[in-house]
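Fold and geometry: a report
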Amino acid sequence: MATGAVPASFMGLKSRERGLGFVQSMDFVRVSDLQRVKFRRTKVLVISNQSSGSEIAELQPTSEGSPLLVPRQKYCESIHKTVRRKTRTVMVGNVAMGSEHPIRVQTMTTTDTKDVNATVEQVMRIADMGADLVRITVQGKREADACYEIKNSLVQKNYNIPLVADIHFAPSVAMRVAECFDKIRVNPGNFADRRAQFETLEYTEDDYQKELEHIEQVFSPLVEKCKKYGGAMRIGTNHGSLSDRIMSYYGDSPRGMVESAFEFARICRKLDYHNFVFSMKASNPVVMVQAYRLLVAEMNVQGWDYPLHLGVTEAGEGEDGRMKSAIGIGTLLQDGLGDTIRVSLTEPPEEEIDPCKRLANLGMRAAELQRGVAPFEEKHRHYFDFQRRTGQLPIQKEGEEVDYRGVLHRDGSVLMSVSLDQLKTPELLYRSLAAKLVVGMPFKDLATVDSILLRELPPADDNDARLALKRLIDISMGVITPLSEQLTKRLPNAMALVNLKELSTGAYKLLPEGTRLVVSVRGDERYEDLEILKNVDATMLLHDLPYTEDKISRVHAARRLFEYLSENALNCPVIHHIPFPNGTHRDDLVIGAGSNAGALLVDGLGDGILLEAPDQDFDFLRNTSFNLLQGCRMRNTKTEYISCPSCGRTLFDLQEISAEIREKTSHLPGVSIAIMGCIVNGPGEMADADFGYVGGAPGKIDLYVGKTVVKRAIEMERATDALIQLIKDHGRWVDPPAEE
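Residues numbered from 1 in each chain as written. Predicted model: local features only at pLDDT ≥ 70, side-chain atom pairs only at ≥ 80, totals over all residues. Heavy atoms only, no water.

A few points about the sheet that holds strand β12 (residues 163-167)
Taken in spatial order, the eight strands line up as β15-β14-β13-β12-β11-β10-β17-β16 in an open sheet, and their pairing is parallel. On the outer flanks of this sheet lie β15 (276-281) and β16 (309-310), each paired with one strand and no other. Bridging between strand β13 (residues 183-186) and strand β14 (residues 232-238) involves four bridges; their strand directions are parallel. Bridged to Lys 183 within β14 is Ala 232. Helix-sheet contacts for helix α9 (residues 353-369) involve β10 (104-108) and β17 (340-341), and the interaxial angle to β10 is about 155°. (Pairing = 2+ DSSP bridges. Helix = DSSP H or I, 4+ residues; strand = E, 2+ residues; numbered from the N terminus. Contact = heavy atoms within 4.5 Å. Axes fitted to C-alpha atoms, helices over the stretch in contact; angles between N-to-C directions.)

Considerations on the environment of Val 518
Topologically, Val 518 is positioned in strand β24 (residues 517-521). According to the relative accessible area criterion, Val 518 is buried, its value standing at 0%. With 20 residues separating them in the primary sequence, Val 518 and Val 498 have C-alpha atoms 6.2 Å apart. Leave out the neighbours within four places in its chain, and Val 518 touches Ile 480, Met 495, Ala 496, Leu 497, Val 498, Met 540 and Leu 542. (Buried < 20%, exposed > 50% of the residue type's maximum accessible area, 1.4 Å probe, protein only.)

Structural notes on the environment of Cys 678
If you trace the backbone, Cys 678 turns up in the loop between β29 (672-676) and α20 (682-685). In this structure, the C-alpha to C-alpha distance between Cys 678 and Ile 701, residues 23 residues apart in sequence, is 9.3 Å.

Focus on the confidence of the model for the chain
Per-residue pLDDT for the chain has a mean of 87; in total, 87% of the residues score no lower than 70. Confidence drops under pLDDT 50 across residues 1-58; counting only partners more than four residues distant or on other chains, this segment forms 135 contacts. (pLDDT = per-residue confidence, 0-100.)

Observations regarding the packing of aromatic side chains
Applying the stated criterion across every chain yields a total of 13 aromatic pairs. Ring centres of Phe 276 and Tyr 306 lie 4.0 Å apart, and the angle between their planes is 25°; on these two criteria the pair is classed as stacked. Here Phe 276, found in strand β15, pairs with Tyr 306, found in the loop between α7 (285-302) and β16; they are 30 residues apart in sequence, far enough to count as distant. The burial state of Phe 276 is the same as that of Tyr 306; both residues are buried. Relative to Tyr 306, the ring of Trp 304 has its centre 6.0 Å away and its plane inclined at 75°; by these criteria the two rings are edge-to-face. (Phe/Tyr/Trp six-rings, centres within 6.5 Å; stacked < 30°, edge-to-face > 60°.)

Some thoughts on the side chain of Arg 84
Position of Arg 84 among the secondary structure elements: in the loop between β7 (68-72) and β8 (90-92). Judged by relative accessible area, which is 11%, Arg 84 ranks as buried. At 3.5 Å, the side chain of Arg 84 and the backbone oxygen of Ser 99 are in polar contact. Setting aside residues up to four positions removed in sequence, Arg 84 forms contacts with Glu 77, Gly 98, Ser 99, His 101, Pro 102, Ile 103, Gly 336, Gly 338, Asp 339, Met 364 and Ala 367. (Polar contact = N/O pair within 3.5 Å; in protein donor to acceptor, adjacent residues only side chain to side chain.)

A look at the sheet that holds strand β25 (residues 538-544)
Spatial ordering of the closed barrel is given by β18-β21-β22-β23-β24-β25-β26-β27, a layout of eight strands whose pairing is parallel. Pairwise comparison of adjacent strand axes, ignoring direction, gives a mean angle of 25° for this sheet. Relative to strand β27 (residues 608-612), strand β26 (residues 574-579) is paired through five bridges, and the arrangement is parallel. Residue His 577 lies in a different strand from β27, and its bridge partner there is Leu 610.

So, the layout of surface pockets
By rolling a water-sized probe across the atoms, one finds the places where empty space is left. One number sums up the size of the largest pocket: a volume of about 1,100 Å³. Its residues assigned to classes, the lining of the largest pocket comprises nine nonpolar, six polar and 11 charged. (1 Å grid on protein atoms, 1.4 Å probe; cavity = no way out; pocket = protein on both sides within 12 Å on 5 of 7 lines; lining within 4 Å. Points joined across faces, edges and corners; volume = space filled by probe spheres on them. Nonpolar A, V, L, I, M, F, W, Y, C, P; charged D, E, K, R; others polar.)

Quick notes on a nonpolar patch on the surface
Together, Val 438, Val 439, Met 441 and Phe 443 give the surface a local cluster of nonpolar side chains, amounting to about 390 Å² of exposed area. Mapping Met 441 onto the fold places it in strand β20 (residues 441-443). (Patch = residues over 30% accessible without salt bridge, like charges linked within 9 Å, V, L, I, M, F, W, Y side chains within 5 Å. Areas by Shrake-Rupley, 256 points an atom, 1.4 Å probe, with all protein chains shown as cover. Salt bridge = Lys/Arg side-chain N within 4 Å of Asp/Glu carboxyl O.)

As for the nonpolar core
Of all hydrophobic cores here, the largest spans 94 residues; its most connected members are Ile 184, Phe 219, Leu 222, Met 233 and Phe 278. With 10 residues, α7 is the largest single contributor of residues to this core. Ranked by size, the runner-up nonpolar core spans 59 residues in total, among them Leu 429, Leu 472, Met 495 and Leu 589. (Core = buried A, V, L, I, M, F, W, Y, C linked by side-chain atoms within 4.5 Å.)

Thoughts on the pairing of strand β32 (residues 708-715)
Bridge count for strand β31 (residues 700-705) against β32 is five bridges, and the pairing is antiparallel. Within the sheet, the bridge partner assigned to Lys 700 lies in β32 and is Glu 715. Hairpin remark: β31 followed by β32, antiparallel, with two residues in the connecting loop; positive phi at Gly 706, about 60°.

Some details on helix α6 (residues 254-270)
For α6, built from 17 residues, the straight-helix expectation of 24 Å at 1.5 Å per residue is met to within 8% by its first-to-last C-alpha distance of 24 Å. In terms of burial, α6 is a largely internal element, 14 of the 17 residues being buried. (Expected span 1.5 Å × (residues − 1).)

Regarding unusual backbone geometry
Phi is positive for Gln 370, which is not a glycine, with a value near 50°. Position of Gln 370 among the secondary structure elements: in the loop between α9 and β18 (413-418). Taking the relative accessible area as the measure of exposure, Gln 370 reaches 35% and is therefore partly exposed.

Focus: the packing of helix α8 (residues 318-334) against helix α16 (residues 586-596)
Their axes nearest at 7 Å, the elements α8 and α16 cross at an angle of 50°. With respect to α16, the axis of α8 lies oblique. Regarding α8 and α16, the two cross each other, and that crossing is right-handed. Taking contact as the criterion, the partners of Glu 319, Arg 322, Met 323, Ala 326, Ile 327, Gly 330 and Gln 334 in α8 are, on α16, Arg 586, Asp 587, Val 590, Ile 591, Ala 593, Gly 594, Ser 595 and Asn 596. The class makeup of the residues in the contact of α8 with α16 is six nonpolar, five polar and four charged. (Parallel < 35°, antiparallel > 145°, perpendicular 65-115°, else oblique. Left-handed = near helix turned anticlockwise from the far one by under 90°.)

Quick look at the pattern of salt bridges
Tallied over the entire structure, the rule returns 55 salt bridges. For Lys 638, the salt bridge is made with Asp 320, and the minimal N-O distance between the two is 2.9 Å. Separated by 318 residues along the polypeptide, Lys 638 in the loop between α18 (618-631) and β28 (640-643) and Asp 320 in helix α8 bring together distant segments of the chain. Looking at Lys 638, the relative accessible area reads 24%, which means it is partly exposed. The partner of Glu 352 in a salt bridge is Arg 342, with the nearest N and O atoms 3.0 Å apart. Here Glu 352 is found in the loop between β17 and α9, whereas its partner Arg 342 is found in the loop between β17 and α9, with 10 residues between them in sequence. By the burial criterion, Glu 352 is buried, and Arg 342 matches it. Through salt bridges with shared partners, a single ionic network connects Arg 293, Glu 378, Arg 381 and Asp 603.

Focus on α7
Its 18 residues give α7 an end-to-end C-alpha distance of 26 Å, which sits within 8% of 26 Å, the value for a rise of 1.5 Å per residue. In this structure Asn 284 caps α7, since a side-chain oxygen of it lies 2.9 Å from the backbone nitrogen of Val 286. Two residues or fewer past α7, Gly 303 is found with a positive phi of approximately 80°.

Some details on the side chain of Gln 106
Inspection of the secondary structure assignment puts Gln 106 in strand β10. Owing to a relative accessible area of 2%, Gln 106 belongs among the buried residues under this scheme. There is a polar contact of 3.2 Å between the side chain of Gln 106 and the side chain of His 309. With residues near it in sequence (within four places) discarded, Gln 106 still touches Leu 133, His 309, Thr 340, Ile 341, Arg 342, Glu 352, Ile 353 and Cys 356.

Here it is in structure tokens:
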């Protein structure tokens, strides 16, 4: 990309050839091509920016104190602390949404919208749980007619919670329900375009323009109606339902998601309608995060300030669903993005509100405290595309008695903290670490813990405990123990945990020569204190910041650390070590891990996870750790499910069928299965899945391979077995392991 520079003191740019604007508050400039632009009496060069694949440019000093500005991408208010993005206020009924208001929580009903009583009862339960607004699917005229009764019934019962109509494929239905509901959600991928056939189409500029004119013709009446009735709108792009036109022009990508929404937003703005919010949902948290960042960066270019609705769609159920949502939503909240959120779970909608509130509170508190670190320059993190920083895995050294190459895993490592009490029952410990047992001896398996942290070593004369540790070391499981323990009760071939102070004093030199070192760092240290890392051959770093820190942000401290490592060409692996205090609620632990470690792993920053919570179940911590790595698209250790949360369109009991499919297929790591209640997002979201189980009609199931339907109208009673046969036919099935 061509770049130019302008004096840092400039206030604006003008061009006679074509309109060129500069939004002073955002420090952005956008132009259509490389050209000389007059600034006062000086001509300067500005960056190239093509309409079909625009770049985003923030102008910043070339170096500290420099009078010249150069382009730099920007998607949040601050890279070194959580500062909530400033937005306009959007009114949804009596609820104000935007940066001057609390982060709003919401969910969606699962009842048949035509069943007025059932829908009203469910909305009341949701409101009683503390939701700020509720979405209801409205797929046809009969459902739209029922919406009037639903609204009136709720008002009569003194429930004034704003109602949102979820619209797909039906502009006329949206027009009708806009007169009684407080907000309309439109999907740009299918509101005016036909259902995607996943065909690559060739467009001339004229063809493309004609389609945009068609969208404007179809969408404008709804905009005018929302203006008339004071209604709000969400322009909600789904990765799974982009139109063929958008995918042909921009690809099945975050860029396409943003442009799809912008086509509709430009119509709103042309009609002077601004009471709308954006969303960029995907079932893949990495894609979701990239899309929202790109959306905000593009809005900054335009000088737009519309609020954001955050969500990971088809997240699933239980810990899996909570983890995926925490990774996607929590990552953005840490950067001050998001004004309303929904945690989509394959559970009753009222069950979504509690984890949703926990996430919202996490984001609000981080912004209120402006958690962060001292300002630093960030040059190496990739905001809009995933590029993993892969740490150098351990290499076997000459003379070492054991194999250290297995103490970390190339796709992401799981470390666990083990107590002395656990060493008293070695076989139980081996099972807890997910090791295979053969005649009582442990062996590593697909999802076995890679290394353990032992804060206290057993006494030298505790032969049983030390034998148990030796057997773990012999299978290339790392054993990490504090320097003080290793100096006083040495365990052969264990790795010593040291901090920067112990490195600087040289205390570690008292260890036998060749002892492997694991270095604990906070990430907010002075750069001078980090210099010692250049002279130490560390097997790994543990990024360890107390969870109770109020002002220091774990995410920003880690980004600062990774920036230092990249700038100094230090490629040692980094493990995210999060010690949770006693009494931490399970959902808070999942959300905390996803929001703090996940926010880094989705940017490719980090090589593994170590979660500590002394009062939590060991298996729960291990499973949560592997769920985190899988949710960040790193290490697959079990079947991946893309499962929609159900709504009024769902054509079967999603929770029951989902449980049945999971029970029979959960032993297939590397296989991804989509379980979708209807066709709205089905084929598109299944781009991320190998196989799909989709409601095609009442009592009938369609089966997919990728985006392609391969079997239609299967009786529901036979559909799960047919899915298993489909997996077998494609060579992806293995029989479940026999019980030991």
